[in-house]
Every structure is written in structure tokens, then in C-alpha cells.
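Summary of structural features
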Amino acid sequence: MKHIRLITLATLAAPAFAFGQTTEKSASKPNAETEQAVMKMEQDLANAVMKADAAALERMVGDGFFFTAPNGMTQTKTEFLADVKSGDLKIESSAIRDMKVQAADSDMAVVTYATTDKGSYKGTDISGEYRWTDIFM
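The following paragraphs examine the structure supplied in this document. Computed from a prediction, not measured in an experiment: that's the story for all the values here. (Residues numbered from 1 in each chain as written. Predicted model: local features only at pLDDT ≥ 70, side-chain atom pairs only at ≥ 80, totals over all residues. Heavy atoms only, no water.)

Looking now at the pattern of salt bridges. When the charged atoms of two side chains lie near each other, side chains of opposite charge can form a pair. Per the stated rule, a full pass over the model turns up 6 salt bridges. The shortest N-O distance in the salt bridge between aspartate 44 and lysine 40 comes to 2.8 Å. You can see aspartate 44 and its partner lysine 40 sitting in helix 1 (residues 32-50), 4 residues apart, about one turn around the helix. Shared partners join several salt bridges into a network, and the residues in it are Asp98, Lys100 and Arg131. (Salt bridge = Lys/Arg side-chain N within 4 Å of Asp/Glu carboxyl O. Helix = DSSP H or I, 4+ residues; strand = E, 2+ residues; numbered from the N terminus.)

What follows is the structure, encoded as C-alpha cells:
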């Protein structure tokens, strides 16, 4: 989206935000069960944003959540949840496709995907095609 989008997650359950560099040797495809669980989390997060379910989002994202929008704007968990609660962020639809999950280590996954979104931020249309990278811990 041009202005804001939830699903660039820095953390889901962990309280701290972390980046990890991996080599081709250490990054691998997770087992099918883990891959499906991560894909389900992505869809659950998108659904919560579309429903403007701030309570569910509060439970889903870690305190270290940090979002960088396509335009470079950044938000903390508190700022993001405020936009959802106030109705400043409205996502009518978000179709996820081309999702790939990489396991960086035993408790971290990096997810890349594309979306086709319809919505607005503070009254401005933010509909469009986007690519995302999320980090799950």
C-alpha cells in the first residue's frame, strides 16, 4: 500500500524485534507443518486488519512490532493499533499471493508475498499491488 500496511511484522510472539542475516546454508524451507502455520498467521493477521479487530491484533503482534510502509513511514505497535482503533486505517480487501516461507533458524521465519489491497488511510486511497517481507519469531 502507498501509506500503511500491518503485515510487515517484526515479531509475532516475541517481545523484542530482531534481524538476522543468514547465508544460503542456514536459510532453508521449513517443514510443511511450520510453513502452513506461518501462512495461516499471515492470513489471520490480514483478516484482523480487514475486520478492524484491534483486540485480536494486539494479541497477535509482539511489543517490538515495527512497521515500515512502502512510502518509508514507520509505526510502532501502539501507533498502528491507534490507526486501526480510530478507523484511520481501513482495509476492505487484501488478497495474498505468491507467499514463500524461509526458516532462518529454529524459531524465526522470513515470509515474502504479494498483495492486492483495497483500502484507505486517513481518507486517502491506498489501494494497489504490494510486495511484503515479514519476520516471525
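Let's pick the thread back up.
Once that is clear, we can look at unusual backbone geometry. Of note, alanine 52 is a non-glycine position whose phi angle comes to about 55°, a positive value. Following the sequence through the fold, alanine 52 ends up in the loop between helix 1 and helix 2 (54-60). With a phi close to 50°, lysine 122 is a non-glycine residue in the positive phi region. Relative to the elements of secondary structure, lysine 122 occurs in the loop between strand 4 (108-121) and strand 5 (124-125).

Moving on: the side chain of serine 94. With respect to the helices, strands and loops of the structure, serine 94 is situated in strand 3 (residues 89-105). The exposure class assigned to serine 94 is buried, which follows from its relative accessible area of 10%. Reaching out from serine 94, the side chain makes a polar contact with the side chain of aspartate 117 at a distance of 2.5 Å. (Buried < 20%, exposed > 50% of the residue type's maximum accessible area, 1.4 Å probe, protein only. Polar contact = N/O pair within 3.5 Å; in protein donor to acceptor, adjacent residues only side chain to side chain.)

Following the sequence through the fold, glutamine 75 ends up in strand 2 (residues 74-76). On the accessibility criterion, glutamine 75 (5% relative accessible area) is buried. Among the polar contacts listed, one links the side chain of glutamine 75 to the side chain of aspartate 83, at a separation of 2.6 Å.

On to the packing of aromatic side chains, then. What characterises a pair of aromatic rings is the spacing of the ring centres plus the angle enclosed by the ring planes. As enumerated under the stated definition, the model contains 3 aromatic pairs in all. In textbook terms, an aromatic cluster arises when at least three aromatic residues are bridged by ring pairs, as seen for Phe67, Tyr130 and Trp132. (Phe/Tyr/Trp six-rings, centres within 6.5 Å; stacked < 30°, edge-to-face > 60°.)

Between its first and last C-alpha atoms helix 1 spans 27 Å; for 19 residues at 1.5 Å apiece the expected length is 27 Å, and the two agree. Along helix 1, the residues that are buried comprise Glu35, Val38, Glu42, Leu45, Ala46, Ala48 and Val49. Down the axis, helix 1 shows its buried residues gathered within 165° of arc, on one side only. Set apart from the buried face of helix 1 by more than 90 degrees, the exposed residues are Ala32, Glu33 and Lys40. In this structure, the buried residues of helix 1 make contact with helix 2, helix 3 (77-86), strand 3, strand 4 and strand 6 (128-136). Sitting at the head of helix 1, asparagine 31 places a side-chain oxygen 3.1 Å from the backbone nitrogen of glutamate 33. Looking one or two residues beyond helix 1, the residue adopting positive phi is alanine 52, at roughly 55°. (Expected span 1.5 Å × (residues − 1). Arc of directions from axis to C-beta. Contact = heavy atoms within 4.5 Å.)

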